[in-house]
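Fold and geometry: a report
Now for the letters of each chain:
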Amino acid sequence: MATKDTVSPDTFNINPINIPNIPPWILHKTNIDLSLTHILHSQNPEISKRTALYHLQENYPDFVYMYTDGSKTAEKTGSGVYIQQYNIKLTFEINCRSSVLSAELYAILSALHWLTISSICRAVILTDSLGALQSINTADWRKHGLVNKIVLVNHELLYRGMTVQFMWIPAHQGIPGNSTADFLAKLSTMRSPTHPEVAYNSAVIQLCYSEACSLISHHCLQLWNDEYIHTRRAITYKLFCPVMDTNRTKMHIPATIFRLRAGYCRLHSHLYKISLHPDGLCDTCGIPETVEHFLIQCSNYAEVRHTLQRSIQHLDINFDWITLLKNTRTIPSVIAFLQQTGRAL
Ligand SMILES: [Zn+2]
């Protein structure tokens, strides 16, 4: 088979996997507090904020609060750390191709590094990234080089007698320290990140394997999409799907919907084109039986169409054949409509 392109591993500057010299059963365990995750989907920011601040005061009254956050734009990726009691504000611009998870992990690692040169005895590192804390909790050093470093620096700090706690807090709920860390992370992704109170840093970090895999997938898809977009074929199908994606988590689209989108189905209009129907007209209405006619106009299916309309009226979308076949939320109702018409398409 001919190849379209070749991607060399060197292109991505992947972080080599360093095997720690301390076996995992000797490493100090990371202390992670996820007790606030029950307010993950809280609708009331004020209650979320008060709950989080109360939890901090009750459980970590004499700890230094270190808020961390990560941010990513199309051009830049960065991390922010805010050390509340010392009013220290740090930003780090990292590898622009790194994921937002890496940005979150790098912020946590930076907070830990700051602790190694401080005389602080107790610190709580606060993040709104559940993914970052879960990665640290599983501590699988093969998956992410930054997790590996976090676990090792944490071990060193605990070995010295320091108390280090990690804690999840809800994002965008008006918790002042979290808002500052969010601002610092976003500042690092700006074109000219200057601010009188903020220490700006640039850090060279390599990509982990999962990030490189994701970039390779994106690159392949882009190559195939360039061809798909510029081909003169599939013109009708592009009405429904202007660009392709390989997101396998997306809803499964049944083959009948694909056939209706392309117009290659057993409606009379298409059968006529391939000489399997005498005139291509609808038996009831006497006009060409196209996909649009069948779905939207044909008086033969007025009753089942009414059921279809009722089932999707809450979506507040146009009732036209392109929208019906394009919108993944309408497809279950369209399938039900097809079954009720009894037509084999
Ligand atoms: Zn008709």
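Residue indices follow the written sequence of each chain, beginning from 1 at its first position. Two thresholds apply to this predicted model, a pLDDT of at least 70 for residue-level local features and 80 or more for giving and counting side-chain atom pairs, whereas whole-chain, interface and lining totals are computed over all residues.

**What to know about the overall build of the protein chain**
Put simply, the rule reads: The way it works is that DSSP assigns letters per residue, a run of H or I at least four long becomes a helix, a run of E at least two long becomes a strand, and they are numbered from the N terminus. In this treatment the radius of gyration is a C-alpha quantity, and the globule benchmark scales as 2.2 Å times the residue count to the 0.38 power. Using C-beta atoms placed from the backbone, we call a residue buried if 20 or more other C-beta atoms fall within 10 Å of its own, exposed if 12 or fewer do, and partly exposed for counts in between. We call two residues in contact when their backbone-placed C-beta atoms lie within 7 Å.
A count of helices and strands for the protein chain gives 13 helices and seven strands. In terms of overall size, the protein chain is more extended than a compact globule, its C-alpha atoms giving a radius of gyration of 28 Å where 345 residues would be expected to give roughly 20 Å. Taken along its principal axes, the extent of the C-alpha atoms in the protein chain is 90 × 55 × 45 Å. The burial tally for the protein chain puts 30% of its 345 residues in the buried class. Sequence-distant contacts in the protein chain: of pairs separated by 6 or more residues, those separated by 24 or more amount to 70%.

**Focus on the nonpolar core**
Grouped burial of nonpolar side chains is what soluble globular proteins tend to show. Inclusion rule: Each nonpolar core comprises buried Ala, Val, Leu, Ile, Met, Phe, Trp, Tyr and Cys residues, the members being joined through C-beta atoms within 7 Å.
Membership of the largest hydrophobic core comes to 44 residues, with the highest contact counts inside it found for M66, V81, L105, Y106, I108, I125 and I150. No other element matches the ten residues that helix α2 (residues 100–116) contributes to this core. Ignoring any residue separated from it by four or fewer positions in sequence, one finds L105 in contact with A132, S135, H144, L146, V147 and I150. One finds L267, F294, L324 and L338 within the second-largest nonpolar core, a separate group that totals 14 residues.

**Digging into unusual backbone geometry**
If you check the backbone angles, H172 has positive phi at about 55° while not being a glycine. Assignment of secondary structure puts H172 in the loop between β6 (163–168) and α5 (176–188). Its identity is not glycine, yet D316 carries a phi of approximately 55°, on the positive side. Residue position: D316 is located in the loop between α11 (302–312) and α12 (321–326).

**What to know about helix α4 (residues 145–159)**
Our working rule: In this scheme, a helix's expected span is set at 1.5 Å multiplied by one less than its residue total.
Taking 1.5 Å as the rise per residue, α4 with 15 residues should run 21 Å; its terminal C-alpha atoms sit 21 Å apart, in good agreement. Buried residues of α4: G145, L146, V147, N148, K149, I150, V151, L152 and N154, and no others. G161, located one to two residues past α4, shows a positive phi value of around 100°.

**Re the pairing of strand β2 (residues 64–72)**
Inclusion rule: Strand pairing is defined by DSSP finding a minimum of two bridges between the two strands.
Buried residues dominate β2, accounting for eight of its nine residues. Here five bridges tie β2 to strand β5 (residues 122–127), and the two strands are oriented parallel to one another. Paired with Y65 across the strands is V124, a residue of β5. Sheet topology places β2 next to strand β3 (residues 77–83); seven bridges connect them, and they run antiparallel. Within the sheet, the bridge partner assigned to D69 lies in β3 and is G80. In this structure, the hairpin formed by β2 and β3 is closed by a connection of four residues.

**Looking at the packing of α2 against helix α3 (residues 130–138)**
This is how it is decided: Each axis is a line fitted through C-alpha atoms, taken for helices only over the stretch in contact, and angles between the N-to-C directions span 0 to 180 degrees. Here roughly perpendicular refers to angles of 65 to 115 degrees, roughly parallel to angles under 35, roughly antiparallel to angles over 145, and oblique to all remaining angles. Here a crossing is taken to be left-handed if its near helix is turned anticlockwise relative to the far helix by less than a right angle, and right-handed if that turn runs clockwise.
With their axes 9 Å apart at the nearest point, α2 and α3 run at an angle of 65° to one another. Classified by the interaxial angle, the pair formed by α2 and α3 is roughly perpendicular. Taken as a pair, α2 and α3 cross one another with a handedness that is right-handed. Side by side, α2 and α3 meet where L101, E104, L105 and I108 of the first sit next to G131, A132 and S135 of the second.

**A few points about helix α1 (residues 45–59)**
So the rule is basically this: The arc in question is the one traced by the directions running from the helix axis out to the C-beta atoms.
The end-to-end C-alpha distance of α1 is 21 Å, a good match for the 21 Å that 15 residues give at a rise of 1.5 Å each. If you check which residues of α1 are buried, you get S48, A52 and L56. Along the axis of α1, the buried positions cluster into a sector of 65°, meaning they face one direction only. Exposed side of α1, more than 90 degrees from the buried face: E46, I47, Y54, Q57 and E58 are the residues found there. Its buried side turned inward, α1 meets β2.

**Quick word on the confidence of the model for the protein chain**
Put simply, the rule reads: Here pLDDT means the predictor's own confidence in every residue, given as a number from 0 to 100.
In this model, the protein chain carries an average pLDDT of 87, and 95% of its residues clear a pLDDT of 70 or more. The spread of mean pLDDT over the elements of the protein chain runs between strand β7 (residues 199–202), the lowest at 74, and β5, the highest at 97.

**Focus on the sheet that holds β6**
Reading across from one edge, β1-β6-β5-β2-β3-β4-β7 is the order of the seven strands in this open sheet, with mixed pairing throughout. Among the strands making up the open sheet, the edge pair consists of β1 (31–33) and β7. Taking each pair of neighbouring strands and ignoring which way they run, the sheet shows an average axis angle of 20°. Here α5 sits on the sheet in contact with β2, β3, β4 (88–94) and β5, set at roughly 145° to β3.

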